[in-house]
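# Structure assessment
If you want the building blocks of each chain, they are given just below.
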Amino acid sequence: MTANFDPSLVIAWLIALVIGVIMVASASSAFDVTGISYGVRHVVYVLASICAFGVVVSLPLNLWEFGHKSCLFVALLLAVVVLIPGIGSVINGSRRWIDFGFFTFQASEWIKFLVLIYIAGFLSRSGEKVKRGGTELLRPMLWLTPVFLLVLIEPDFGTLVILLVLVAGLAFLAGLRLPHFLLAAVFVGGALFLLILISPERTERLATFLDPWASASSGGYQLTQALIAFGRGEITGIGLGDGIQKLFYLPEAHNDFIFAVIAEELGLVGAVFVISLLGFIVLRGFRIARRAVDVDRSFAGYLAYGAGILIGAQVLINVGVNTGVLPTKGLTLPFISYGGNSLLVCAMLMGLIQRASFEVSTKTKQGRAF
Amino acid sequence: MNPNGTLILGAGASGMSCLRYLHGKRDLIVCDTRFDTDQSPIPNSRTFYQNFPQVSLIRPSDFDRAIDSVSTMVVSPGLPLSHCLVRKALSSGIKLVSDVDLFIDAADGPVIGITGTNGKSTVTTLVGAMLEDQAFGSGGNLGPPALDLLNDGFAGYVLELSSFQLERMEAKRLDVASIINISNDHLDRHESLDSYAAVKRRIYRDCGFAVYNGDDRLSRPPDNVPSVAVNKDERWRVIESGVVIDGRFVASDAIKLTGDHNRFNVVAAAAIADSFGASFDNIRHVLESFEGLPHRAQIIGSIDDVTYVDDSKATNLGSCIAAIEGVIKQPSSRRIVLIAGGMGKGADFAALGRAIPGHVRSVVLIGRDARLIAANIPGTPVTFASDLDDAVVKARMDAVPGDVVLFSPACASFDMFENFVVRGQAFTRIVEGMSK
């Protein structure tokens, strides 16, 4: 059975986790009073995420396919529950978390995973109809729109964008015709733009992003400090643990801005290595997805494509934010940033890809046997 | 984290010169309390980043965190050592270094240091001119910051040093040190005249040779330092009709600078230059041609037979009074319309009240401490002006043909202008605008 795993994928993933453990320890050393507590907690999350990967890998994909509608229901439930005061707790002005004491549950991370399962399940059943006409997609959208709106109410604009990219990407792969796709893209894009315009906070963020130096001592401070980190790191970095910029974009050095810490301490070399590593994981996922589609395992295919899109989009957005190419959003760098929810969900996405690889290989072999 | 970084506190002229000098060193952090504020004289963060991409520019609220990675700190002369950020750094064991220390460590030729309450820029510039043929460069508190002189291939250096630079200077290797005079100034930053003088006298520590003011006991160097006491020494002094330089007489007519205080400055500068072997002819040549510095009792022009004088450099009472006396001493007896005011730095303006009766027709006051000054000059007509434009207009109305409108603020400029140079330029522009 091990032969059917994609070992390079697992190795790349494990390397990313190790980099994450090292960089979180370095990034948090600056402000962690106890010195190791963030680092230690991160190691615990990493170990937990490896277990989660193990669980997902051992579950047959049929199980997810069978329960894909329940996933939608759970996603909807989560999105509602997290908004109830007394259950959902507010951090930095957003109600995104449910505090269990030992673990803070971040609803939108899990909603990404659940929506992936649902949309993959839907497309694998109705993909043919989608190909014939875009209207078929209106049915799942009817169900997903409340989820999207609830995520927006938290507010978690970043996750909303990721979810839209996921749905659009999979619909496109399912064969949605280009005019329909473009129409939807224009409609959704316009809606997002309106959302930015009506929210003073988002408009301000957008302005800050367009010219962070204009407000370098206020709104643009975090971003300009990240940009200085890239300047300081140069080609080879100033050395692991020696960065000083991490002192100045608190409290996000160990999560949202970990890429800037990597760029300062490990330089362009380190930053390119990390992007390549994550890029490799995404492309590997796409390759498995294509193989799955080739052998008519469309659910496995959509799952692997979707997992790759989720990881890839998040890498792009996070790196974009760190380098000032995209406006600031509270999104983590998959596998590397601090944060249990992100680590667990990303590990489960890896589990889905790996399971797909396994099932597709098995099927291919069986196919040859006949 | 290894605390081996350097933090530059204050990104003004001297802070930026330190940055250019230290650039390339590991872990440089620049912190300025005026970071991206509107009145900020420091480069904006975008320009800063383009020029120094490896340097952190942080806001003061992050100072506490930054000092964890820092072992050395350069404090701008513009910040008092009692500033809370400086105290914080000192209490966490960070070493203070001044730009002058860095300069003296790196300088590869003799260094002359000149200080004093008033006239130090004039003396520094004069010495620089007298030693120009020996390839000496001058700068420091005025002109290019000391560290910027390093890469210009000078054989020696003439530095103007302020009390704030001396206060934080640890190096003790000046070849020649000089205090021109000491009078009340900066009493908002120094406790008393004695403590201010004690800071000034740091310039003499282990110096090779001293030139001081024989009439001013506060300027006296320690006894073990070889020295010249100007005005006490027969060979170096101001006399009725001129000056004595190295025992030789030079008539006042042969000196382009006017005013008693400037004749003293000329002798002090000559004594300093002489210690490096400047020839008498060379010195005399400089005295014949040197016209003085801009904004130091500089004549801008005449309108309706009223002369306008820019003395924006008068950032304290002593130099304002010297400028008034300079005008009075002119052969044709004239009356003055004085424009003054700004930030008084805790000075006692009663001295101004004693100096002006009989000579000053009226006073036009501007700036933050205008009313404080007015209270100290009873008996002289006073007008308040909203800004410098308004002040010049009001002074013009007060003046009668033959008068001098003297812009000698007796105050720092920071409440209304970036510095005294900008203030002087503004005055010049207004006057030139009126004459058209």
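Per chain, residues are indexed from 1 in the order of the written sequence. Starting at A for chains and at 1 for ligands, labels are handed out in the order in which the entities are written. Given that this is a predicted model, residues contribute local features only at a pLDDT of at least 70 and side-chain atom pairs are listed and counted only at 80 or more, while totals for whole chains, interfaces and linings are drawn from all residues.

The number of helices and strands found in chain B is 15 helices and 20 strands. Here the globule rule is a power law, 2.2 Å times the number of residues to the power 0.38, and the radius of gyration is based on C-alpha atoms. Relative to its length of 436 residues, chain B is compact, with a C-alpha radius of gyration of 22 Å against a globular reference of 22 Å. By principal-axis analysis of the C-alpha atoms, chain B measures approximately 70 × 50 × 40 Å. Expressed as a percentage of the 436 residues in chain B, the buried residues total 52%. C-beta atoms are placed from the backbone for every residue, and two residues are taken to be in contact when these atoms lie within 7 Å. Contacts spanning at least 24 positions in sequence make up 68% of the contacts within chain B whose residues lie at least 6 apart. Numbering of helices and strands starts at the N terminus; helices are DSSP runs of H or I of at least 4 residues and strands are runs of E of at least 2. Partly exposed residues are those falling between the two cut-offs: more than 12 but fewer than 20 other C-beta atoms within 10 Å of their own, whereas 20 or more means buried and 12 or fewer means exposed, with C-beta atoms placed from the backbone.

Moving on, we come to the overall build of chain A. Along its length, chain A carries 13 helices and three strands. Projected onto its principal axes, the C-alpha coordinates of chain A cover approximately 60 × 50 × 40 Å. The burial tally for chain A puts 50% of its 370 residues in the buried class. Of the contacts made within chain A by residues no fewer than 6 positions apart, 72% connect residues no fewer than 24 positions apart.

Moving on: the sheet that holds strand β15 (residues 298-303) of chain B. Residues and elements named next belong to chain B. Here we have six strands laid out as an open sheet, ordered β15-β16-β20-β17-β18-β19, and mixed in their pairing. Edge strands, defined here as strands with exactly one partner in the open sheet, are β15 and β19 (382-384). Between one strand axis and the next, the sheet turns by 20° as a mean value, whatever way the strands run. Direction of pairing for strand β16 (residues 306-310) relative to strand β20 (residues 404-407): parallel, over a ladder of four bridges. Of the residues in β20, the one forming a bridge with Tyr308 is Val405. The strands touched by helix α11 (residues 317-328) are β17 (336-340) and β20; relative to β20, the strand with the most contacts, the crossing angle is about 160°. In this analysis, axes come from line fits to C-alpha atoms, helices being fitted only over the stretch in contact, and the angle between any two N-to-C directions falls in the range 0 to 180 degrees. Helix α15 (residues 420-435) rests against β15, β16 and β20 of the sheet, and its axis sits at about 20° to β15. Strands are treated as partners if at least two bridges between them are detected by DSSP.

Right, let's get into the packing of helix α5 (residues 107-132) of chain A against helix α7 (residues 157-173) of chain A. When two helices pack together, their arrangement is captured by the angle between the axes and the distance separating the axes. Residues and elements named next belong to chain A. Packing of α5 against α7 leaves a shortest axis separation of 10 Å and a crossing angle of 20°. The angle between α5 and α7 places the two elements in the roughly parallel class. Seen from above, α5 lies across α7 with right-handed handedness. Seen from α5, the contacting residues are Ser108, Lys112, Val115, Leu116, Ile119, Ala120, Leu123 and Val130; seen from α7, they are Thr159, Ile162, Leu163, Leu166, Val167, Leu170 and Ala171. Taken together, the residues that form the contact of α5 with α7 break down as twelve nonpolar, two polar and one charged. Throughout, the term roughly parallel applies to angles under 35 degrees, roughly antiparallel to angles over 145, roughly perpendicular to angles from 65 to 115, and oblique to all others. For any pair of crossing helices, the crossing counts as left-handed if the nearer helix is rotated counterclockwise from the farther one by less than a right angle, and right-handed if it is rotated clockwise. Three classes are used, and their members are as follows: Ala, Val, Leu, Ile, Met, Phe, Trp, Tyr, Cys and Pro are nonpolar, Asp, Glu, Lys and Arg are charged, and the others, Gly among them, are polar.

Bringing the confidence of the model for chain B into the picture now. As a per-residue measure, pLDDT reflects the predictor's confidence and takes values from 0 up to 100. Looking at chain B, pLDDT values average 88 and 97% of them are 70 or higher. Two summary scores accompany this predicted model of the complex, namely pTM at 0.74 and ipTM at 0.71.

Turning our eyes to something else, we now look at the domain arrangement of chain B. All names here are of chain B. Either an automatic procedure or a domain database provided the assignment from which the domain bounds are taken. In terms of domain boundaries, chain B breaks down into domain 1 (5-97), domain 2 (101-289) and domain 3 (298-435). Here the C-alpha centre of domain 3 lies 28 Å away from the C-alpha centre of domain 2. Each partner contributes residues to the interface: domain 2 has twelve residues there, and domain 3 has twelve residues.

Let us look at the pairing of strand β10 (residues 209-213) of chain B. The two faces of the sheet receive side chains in turn, since in a regular strand these alternate between them. Residue and element names in this part refer to chain B. Burial analysis of β10 places five of its five residues in the buried class, which makes it a mostly covered element. Here β10 shows two buried faces, one formed by Phe209, Val211 and Asn213 and the other by Ala210 and Tyr212. Sheet topology places strand β9 (residues 176-179) next to β10; four bridges connect them, and they run parallel. Its bridge partner lying in β10, Ala177 is registered against Ala210. The crossover handedness rule: strands pointing away from the viewer, path from first strand over the helix to second strand clockwise, crossover right-handed. For the crossover from β9 across helix α8 (residues 193-200) to β10, the handedness is right-handed. Bridge count between β10 and strand β11 (residues 227-230): four bridges; the pairing is parallel. Within the sheet, the bridge partner assigned to Ala210 lies in β11 and is Ser227.

To estimate how far a helix should reach, multiply one less than its number of residues by 1.5 Å. Helix length check: helix α4 (residues 68-81) of chain A, at 14 residues, gives a terminal C-alpha distance of 20 Å against a target of 20 Å (1.5 Å per residue), a fit within 8%. The secondary structure elements touched by the buried residues of α4 of chain A are α3 (61-66), α5 and α6 (138-153) of chain A.

Our next topic: the pairing of strand β8 (residues 156-160) of chain B. All names here are of chain B. When you tally the buried positions in β8, you get five out of five residues, the bulk of the element. Side chains of β8 alternate between two faces, with Gly156, Val158 and Glu160 and Tyr157 and Leu159 buried alike. Where strand β6 (residues 111-115) lies against β8, four bridges are found, and the strand directions are parallel. Across the sheet, residue Val111 finds its bridge partner in β8, namely Tyr157. As judged from the five bridges shared by strand β7 (residues 136-140) and β8, these two strands associate in the parallel manner. Within the sheet, the bridge partner assigned to Phe136 lies in β8 and is Gly156.

Our next topic: unusual backbone geometry. Residue and element names in this part refer to chain A. Across the junction of Glu154 and Pro155, the peptide omega takes the value 0°, indicating a cis bond. Phi at Phe335 is positive, roughly 70°, even though this residue is not glycine. With respect to the helices and strands, the residue Phe335 is situated in the loop between α12 (298-322) and α13 (340-369).

This next bit is on the interface of chain B and chain A. In this assembly, 21 residues from chain B lie in contact with 18 residues from chain A. For the side of chain B that touches chain A, the secondary structure elements donating two or more residues are α2 (45-51), β3 (56-58) and α3 (63-66) of chain B. It is α2 of chain B that provides the largest number of residues to the side of chain B that touches chain A, a total of three residues. Partitioned by chemical class, the residues of the side of chain B that touches chain A number seven nonpolar, seven polar and seven charged.

In this section: the sheet that holds strand β4 (residues 70-75) of chain B. All names here are of chain B. Taken in spatial order, the five strands line up as β3-β2-β1-β4-β5 in an open sheet, and their pairing is parallel. Only two strands of the sheet have a single partner each, and these edge strands are β3 and β5 (95-97). Across the sheet, the mean angle separating the axes of adjacent strands is 25° when strand polarity is ignored. Of the pairings in the sheet, the one linking strand β1 (residues 5-9) to strand β2 (residues 28-31) comprises four bridges and is parallel in character. Looking at the pairing, Leu7 lines up with Ile29 of β2.

Glancing now at α6 of chain A. Residue and element names in this part refer to chain A. End to end, α6 covers 22 Å across 16 residues, agreeing with the expected 22 Å (1.5 Å per residue, within 8%). Here α6 has its buried residues at Pro140, Leu144, Val147, Phe148, Leu150 and Val151. Residues of α6 that are buried make contact with α4, α5 and α7.

Residue and element names in this part refer to chain B. As for its position among the elements, Gly113 is in strand β6. It is 35 Å that separates the C-alpha atoms of Gly113 and Asp64, two residues lying 49 residues apart in sequence. With sequence-adjacent residues up to four places away left out, Gly113 is seen in contact with Leu159, Leu161, Leu174, Ala177 and Ile203.

A separate point is the environment of Phe286 of chain A. Residue and element names in this part refer to chain A. In this structure, Phe286 sits in helix α11 (residues 258-294). The class of Phe286 is partly exposed, set by 19 C-beta atoms lying within 10 Å. Phe286 has contacts with Tyr305 and Gly308, leaving out every residue within four places of it along the chain.

On to the environment of Gly140 of chain B. Residue and element names in this part refer to chain B. Within the element layout of this structure, Gly140 appears in strand β7. What makes Gly140 buried here is the crowd of 28 C-beta atoms within 10 Å. C-alpha separation for the pair Gly140 and Thr124, spaced 16 residues apart in sequence, amounts to 9.3 Å. The contact partners of Gly140, leaving out residues within four places of it in the chain, are Thr124, Ala146, Leu159, Glu160 and Leu161.

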